[in-house]
Amino acid sequence: MFDMDKAAFAALHVVMWRGLILMIACLVLGTTARAAEETYVDVPIRVLTANPAAYDGRLVRVKGVFLHGEGGDLFASPQAYNRWVTQFDMTGGLPLSYAVGLSARLDERADMDRRYVHVSGRFQHALSGHIPVWPHGLVDVQAVELDSTTPGPVRLWGLEAATAWTWGLLMAALTLAAAAFSYMAQAMTSAKGTSAPTMARLISPTPSRPSRR
């Protein structure tokens, strides 16, 4: 009886060890698979915007010109930003939504504005946050790193042109307003120096008499 109990215990011991080894193997394989799935993939911005469904929900790393403003935006190039401003072409840009605490750290890095950077985050199609007009963007951005291979900051002609047009239109409006005010002032001055009968004749001129034959 003792021998049978000993044999059963040995068999149970083997089964327990095998179960433990199998459980550890499953945990290791699951962790490895998850790590492989969560690896950042380097993807150009235009590839993301051209195939949004293929990258929806995936971790990506993209390169572009960084604009640190409300939420922050990333553009593939200065030309892409110019097309966004002048033609409302959003295929070359992505809005950014940062992870907790990253936005505050970026506020201290003014040197990143208008520079080429690498941004790591999760691509989201059918974006509903930030600016709703954007069809997609990067959410839960974990890192924004300067690109050491490109100089900066870059000149964004679209922004500068828009600013120049704005100031030009404003100056033109002020010039027209000043001219109109000057004309009205001269008209009022001339009216004061004109007699009442003359003004009446100017307002209601006497109709001409028919000529007699």
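Residues numbered from 1 in each chain as written. Predicted model: local features only at pLDDT ≥ 70, side-chain atom pairs only at ≥ 80, totals over all residues. Heavy atoms only, no water.

## Some points on the overall build of the protein
Looking only at helices and strands, the protein features seven helices and six strands. Secondary structure elements of the protein, listed N to C terminal, follow the sequence α-β-α-α-β-β-α-β-α-β-β-α-α. Looking at the protein as a whole, 25% of its 213 residues are labelled buried. Across the protein, every contact between residues at least 6 apart in sequence was considered, and the portion connecting residues at least 24 apart equals 67%. Counting every atom, the protein has about 14800 Å² of accessible surface; 65% of that belongs to carbon and sulfur. (Helix = DSSP H or I, 4+ residues; strand = E, 2+ residues; numbered from the N terminus. Buried < 20%, exposed > 50% of the residue type's maximum accessible area, 1.4 Å probe, protein only. Contact = heavy atoms within 4.5 Å. Areas by Shrake-Rupley, 256 points an atom, 1.4 Å probe, with all protein chains shown as cover.)

## Digging into the packing of aromatic side chains
For the structure shown, the criterion picks out three aromatic pairs. Judged by centre distance (5.1 Å) and plane angle (85°), the rings of phenylalanine 75 and tyrosine 81 are edge-to-face. Accessibility expressed as a relative area gives 1% for phenylalanine 75, which makes it buried. When the ring of tyrosine 81 is compared with that of tryptophan 84, the centres are 5.7 Å apart and the planes differ by 45°; the resulting orientation is tilted. Highlighted residues: tyrosine 81 and tryptophan 84, both in helix 4 (residues 78–87), separated by three residues, approximately one helical turn. For tyrosine 81, a relative accessible area of 6% gives the class buried. Residue tryptophan 84 is classed as partly exposed on the basis of its relative accessible area, which comes to 22%. (Phe/Tyr/Trp six-rings, centres within 6.5 Å; stacked < 30°, edge-to-face > 60°.)

## Things to note about the pattern of salt bridges
Under the counting rule described, the total for this entry stands at four salt bridges. Between arginine 61 and glutamate 145 there is a salt bridge, with the nearest N and O atoms lying 3.5 Å from each other. Placement of arginine 61 in strand 2 (residues 59–67) and of glutamate 145 in strand 6 (residues 136–146) is noted, with a sequence separation of 84 residues between them. Judged by its relative accessible area of 26%, arginine 61 is partly exposed. Residue aspartate 147 pairs with lysine 63 through a salt bridge whose shortest N-O separation is 3.5 Å. Of the two residues, aspartate 147 sits in the loop between strand 6 and helix 6 (157–192) while lysine 63 sits in strand 2, which places them 84 residues apart along the sequence. The class for lysine 63 is partly exposed, based on a relative accessible area of 34%. (Salt bridge = Lys/Arg side-chain N within 4 Å of Asp/Glu carboxyl O.)

## A look at the nonpolar core
Membership of the largest hydrophobic core comes to 20 residues, with the highest contact counts inside it found for Val119, Leu138 and Val144. Elements with a minimum of two residues in this core: helix 2 (45–50), strand 2, strand 4 (93–98), helix 5 (102–107), strand 5 (115–125) and strand 6. If we skip the residues at most four places from it in the chain, valine 144 touches Tyr98, Leu102, Leu106, Met112, Val117, His118 and Val119. Counting residues in each nonpolar core, the second largest holds nine residues, with Val65, Phe75, Tyr116 and Val154 among its members. (Core = buried A, V, L, I, M, F, W, Y, C linked by side-chain atoms within 4.5 Å.)

## With respect to helix 4
Turn by turn, an α-helix covers 3.6 residues, leaving residues three or four places apart pointing in a common direction. Residues of helix 4 that are buried: Pro78, Ala80 and Tyr81. Along the axis of helix 4, the buried positions cluster into a sector of 160°, meaning they face one direction only. Exposed side of helix 4, more than 90 degrees from the buried face: Thr86 and Gln87 are the residues found there. Looking one or two residues beyond helix 4, the residue adopting positive phi is phenylalanine 88, at roughly 60°. (Arc of directions from axis to C-beta.)

## Thoughts on the confidence of the model for the protein
Taken as a whole, the protein shows an average pLDDT of 74; of its residues, 62% reach a score of 70 or greater. When mean pLDDT is taken per element in the protein, strand 1 (residues 41–42) scores highest with 94 and helix 7 (residues 196–203) scores lowest with 51. Confidence over residues 31–36 falls short of pLDDT 50; this stretch has zero contacts with residues more than four positions distant or in other chains. (pLDDT = per-residue confidence, 0-100.)

## Digging into the environment of valine 117
Secondary-structure assignment places valine 117 in strand 5. With 30 residues separating them along the chain, valine 117 and aspartate 147 place their C-alpha atoms 4.8 Å apart. What valine 117 contacts, discounting residues up to four positions off in sequence, is Val62, Lys63, Gly64, Phe66, Leu74, Val144, Glu145, Leu146 and Asp147.

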